[in-house]
Amino acid sequence: MNQTKKYKAYTLRNFREIPQVQSILTEEEKQYIEVVGNVLPFKTNSYVVDELINWDNIPDDPIFQLTFPQKGMLVKSHFAEMRDTLAVNGDNKNEVLKTANKIRKQLNPHPAGQNENVPELNGQKLPGVQHKYNETVLFFPGNSQTCHAYCTFCFRWPQFTNLDNIKFAMSESELLAQYIKQHPEVTDVLFTGGDPMVMSAKNFEAHINPLINGNIPHLKTIRIGSKSLGFWPYRYISDKDSDDMIKIFEKIVKQGYHLSFMAHFSHPRELETVAVQKAITRIRNTGAQIRTQSPILKHINDSSSIWRDMWKKQVNLGMVPYYMFMARDTGAQHYFGVELNRAWNIYRKAYKQVSGIARTVRGPSMSAHPGKVLLNGVTTVNGEKMFVLQFIQGRNADWVNKPFFAKFDPNAVWLDDLEPAFDKDEFFFEIHDVLNN
Ligand SMILES: *Cc1c(COP(=O)(O)O)cnc(C)c1O
Ligand code: SF4
């Protein structure tokens, strides 16, 4: 029998209609959601609510934490500011928005210089494209700037709260194809968003065709970065264009491309439903490979047994563990952030309990301004305790895989918190940065 479900989105506007919210949450907890949800984006859906969240374990349930705003996600002063605005001016949308934007500005909405990586084609900026590492171009289709639900920790949150800035140009993928044609170093296009799998099959195909029919021999891999398997697996089994989407995947593979579905899973619970397992099978049967990635987050997955179980289950379902990320320095990082030292310990403890087949995973990794930086370990040299780091990807490709060292700091959560070891003034890549400018 086919599994079906009707997609229903819940946001600030209608979350009080969710039966489980009505019967389980206190009025106070609903108010927390309203206060925080007016600053950070809030959206969940019928699958997450009915099949993923364990409502007997509220508010600690990891999937509840993943999609429902929690009081602690705003620092006390921000929380009080929004609570007071809602109490006095709750009916005045402009006032609420003014307070929200004021708070948002203080939450580092554009980390890692994302706006710097926008390339040009014949002197024109390509706004939906980022090209930071030689081989891989990121593509943000204008019609995928949303997701089937929103992760409360997401670093892309300014996109969801600022939707009026986003334009959809019909020709954007034609321009992308032209750009890649002029850049023989590019082998991969990564569709991202939001979530590109919120697009209809028809729209997705319109984006894919210029790439795979564009006579670009150096383009080899199409990647799709998506949380749809976690948030809406029915996308591949019972939506009205599920079969069409599957056919597009088949077409990409048949034309000789490697199709890599970069699936975002935050918790092993997301791998347990009948729907997700069916969806995984369907996608794999197209010839696509599914690789998995997630940030490590307090309140959601900061334990080694969770990661061990997640990697094991992923391999069991035919997927390839790929990245464990550090939480970005944006939004509610004070709530979700795990210290580097702790993340490495969790990673190592999980890693040593899985077979080599699951040790394709790399982490913990920070997507920072100079590149993707891997924390390889903690060690002591001549009595000085230090972090051993290396670039997985670098703004300068030559930085990759050279070990470098930072003073050990148990409280550091991000690259910016680190200082060079051995009493050096700068990290090697900072010196290069100056020379290159
Ligand atoms: C992570 C990332 C990529 C892809 O890197 P891989 O290591 O090839 O998976 C590409 N561009 C940007 C900006 C990234 O952050
Ligand atoms: S699915 Fe991805 S882009 Fe969407 S909210 Fe979650 S982390 Fe952000």
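Before reading further, recall that the structure is shown in the block above.
One structure accompanies this document, and this report is about it. The shown structure was predicted, so the numbers you read here are calculated from the model rather than taken from an experiment.

### Things to note about the site of ligand 2
Here's step 1: Inspection of the region around ligand 2 gives eight residues, with Cys147, Cys151, Cys154, Lys227 and His264 positioned closest.
Here's step 2: Grouping the amino acids of the shell around ligand 2 by side-chain chemistry returns five nonpolar, two polar and one charged.

### Section: the pattern of salt bridges
Pairing between side chains of opposite charge can happen when the charged atoms of each approach one another.
Here's step 1: Under the definition given, this model contains 19 salt bridges.
Here's step 2: Between Arg83 and Asp84 there is a salt bridge, with the nearest N and O atoms lying 3.4 Å from each other.
Here's step 3: Exposure remark for Arg83: the relative accessible area of 43% places this residue in the partly exposed category.
Here's step 4: A salt bridge links Lys98 to Glu95; its shortest N-O distance comes to 3.5 Å. Here Lys98 pairs with Glu95, and both are found in helix H6 (residues 93-105), just three residues apart, close to one helical turn.

### What to know about the pairing of strand E13 (residues 371-381)
Here's step 1: In terms of strand pairing, strand E12 (residues 362-367) meets E13 through three bridges, oriented antiparallel. Across the sheet, Met366 pairs through a bridge with Val373, a residue of E13.
Here's step 2: Sheet analysis places E13 next to strand E14 (residues 384-394), joined by ten bridges and oriented antiparallel. Residue pairing in the sheet places Gly371 in a bridge with Gly394 of E14.
Here's step 3: Counting the residues that bridge the hairpin from E13 to E14 gives two residues, and of these Asn382 lies at a positive phi of roughly 50 degrees.

### Comments concerning the site of ligand 1
Here's step 1: Inspection of the region around ligand 1 gives Lys132, Tyr133, Thr136, Leu138, Arg223, Tyr322, Tyr323, Lys372 and Gln393 as its neighbouring residues.
Here's step 2: Between an oxygen atom of ligand 1 and a side-chain N or O atom of Arg223, the distance comes to 2.7 Å.
Here's step 3: Against a free-state accessible area of 390 Å², the protein chains account for coverage of 87% of ligand 1.
Here's step 4: Residue assignment for the shell around ligand 1 shows that the elements contributing at least two residues are strand E5 (129-133), strand E6 (136-139) and strand E11 (320-326).
Here's step 5: Of the residues assigned to the shell around ligand 1, the class counts are four nonpolar, two polar and three charged.

What counts as what
Residues numbered from 1 in each chain as written. Chains lettered and ligands numbered in written order. Predicted model: local features only at pLDDT ≥ 70, side-chain atom pairs only at ≥ 80, totals over all residues. Heavy atoms only, no water. Near = heavy atom within 4 Å. Nonpolar A, V, L, I, M, F, W, Y, C, P; charged D, E, K, R; others polar. Salt bridge = Lys/Arg side-chain N within 4 Å of Asp/Glu carboxyl O. Buried < 20%, exposed > 50% of the residue type's maximum accessible area, 1.4 Å probe, protein only. Helix = DSSP H or I, 4+ residues; strand = E, 2+ residues; numbered from the N terminus. Pairing = 2+ DSSP bridges. Polar contact = N/O pair within 3.5 Å; in protein donor to acceptor, adjacent residues only side chain to side chain. Areas by Shrake-Rupley, 256 points an atom, 1.4 Å probe, with all protein chains shown as cover.

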